[in-house]
Amino acid sequence: MSKTENPPKPTEAELGILNFLWERGPSTVRDVHEALYRDEGAGYTTALKLLQIMHGKGLVVRDDSERAHVFRAAVSKERTQKRFLVDMVQRVFDGSPSQLVLQALGGRPRATREELDEIRALLDKLGDGTKS
């Protein structure tokens, strides 16, 4: 099994980099540093070290064919979201997805009309498979 088949769950800092890569696409270390760390005063080496660690974990892939290495996410946003969600349902909601949904819909901020319509459509789709 390769590292990208089941990479570890990213840390908060790694998730920040992944979000940047998912939104922007393949990027250099300098791109990541400028976008995420320059205003914090962190050095270029902070971004470099994190990307090297993430590469070792299989969270990003590196194209080193150019002088400036280019990194891209090796895991999809959807797969990562699902992984965090499954973990949260198990640890926080005693394995009950319905409790998660009830908490999410009953909390603040309220879901928009469009979001509620999407949820209804998904429930209708899921319900079609169980109707007699």
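Note that this is a predicted model, so its numbers are computed, not measured.

Rules and cut-offs
- Residues numbered from 1 in each chain as written.
- Predicted model: local features only at pLDDT ≥ 70, side-chain atom pairs only at ≥ 80, totals over all residues.
- Heavy atoms only, no water.
- Helix = DSSP H or I, 4+ residues; strand = E, 2+ residues; numbered from the N terminus.
- Rg over C-alpha atoms; globule rule 2.2 N^0.38 Å.
- Buried < 20%, exposed > 50% of the residue type's maximum accessible area, 1.4 Å probe, protein only.
- Contact = heavy atoms within 4.5 Å.
- Areas by Shrake-Rupley, 256 points an atom, 1.4 Å probe, with all protein chains shown as cover.
- Lys, Arg positive; Asp, Glu negative; His and termini not counted.
- Charge placed at Lys NZ, Arg CZ, Asp CG, Glu CD.
- Axes fitted to C-alpha atoms, helices over the stretch in contact; angles between N-to-C directions.
- Parallel < 35°, antiparallel > 145°, perpendicular 65-115°, else oblique.
- Left-handed = near helix turned anticlockwise from the far one by under 90°.
- Nonpolar A, V, L, I, M, F, W, Y, C, P; charged D, E, K, R; others polar.
- Expected span 1.5 Å × (residues − 1).
- Arc of directions from axis to C-beta.
- Patch = residues over 30% accessible without salt bridge, like charges linked within 9 Å, V, L, I, M, F, W, Y side chains within 5 Å.
- Salt bridge = Lys/Arg side-chain N within 4 Å of Asp/Glu carboxyl O.

### Some words on the overall build of the chain
Then step 1. Each helix and strand in the chain was counted, giving 6 helices and 3 strands.
Then step 2. For the chain, the C-alpha radius of gyration of 19 Å lies well beyond 14 Å, the compact-globule estimate for 132 residues.
Then step 3. Principal-axis analysis of the C-alpha atoms places the extent of the chain at approximately 60 × 40 × 25 Å.
Then step 4. Of all 132 residues assigned to the chain, the portion counted as buried reaches 23%.
Then step 5. Once local pairs closer than 6 in sequence are excluded, the contacts in the chain between residues at least 24 apart make up 50%.
Then step 6. When the accessible surface of the chain is split by element, carbon and sulfur atoms take 52% of a total near 9,500 Å².
Then step 7. Side-chain charges in the chain split into 21 positive and 20 negative, and the spacing between the mean points of these groups amounts to 3 Å.

### Brief notes about the packing of helix α1 (residues 12-24) against helix α4 (residues 77-92)
Then step 1. Where α1 meets α4, the closest approach of the two axes is 11 Å, and the angle between their N-to-C directions is 150 degrees. When the interaxial angle is binned, α1 and α4 end up roughly antiparallel. Considering only the axes of α1 and α4, their crossing is left-handed. From α1, L15, N19 and W22 reach across to α4, where they touch K77, T80 and F84.
Then step 2. Grouping the amino acids of the contact of α1 with α4 by side-chain chemistry returns 3 nonpolar, 2 polar and 1 charged.

### A few points about α1
Then step 1. The end-to-end C-alpha distance of α1 is 18 Å, a good match for the 18 Å that 13 residues give at a rise of 1.5 Å each.
Then step 2. The set of residues buried in α1 consists of E14, I17, L18, F20 and L21. Angularly, the buried residues of α1 cover 160 degrees about the axis, an arc narrow enough to put them on a single face. Of the residues in α1, the exposed ones pointing more than 90 degrees away from the buried face are E12 and E23.
Then step 3. Looking at the buried side of α1, the elements it contacts are β1 (27-28), α2 (29-36), α3 (44-57), β2 (60-63) and β3 (70-73).
Then step 4. Positioned one or two residues after α1, G25 has a phi angle of 95 degrees, which is positive.

### Focus: a nonpolar patch on the surface
Then step 1. Taken together, the side chains of L85, M88 and V92 make up a nonpolar region of the molecular surface, amounting to roughly 250 Å² of accessible area.
Then step 2. Summarising the element assignment, V92 is placed in helix α4.
Then step 3. For V92, a relative accessible area of 53% puts it in the exposed group.

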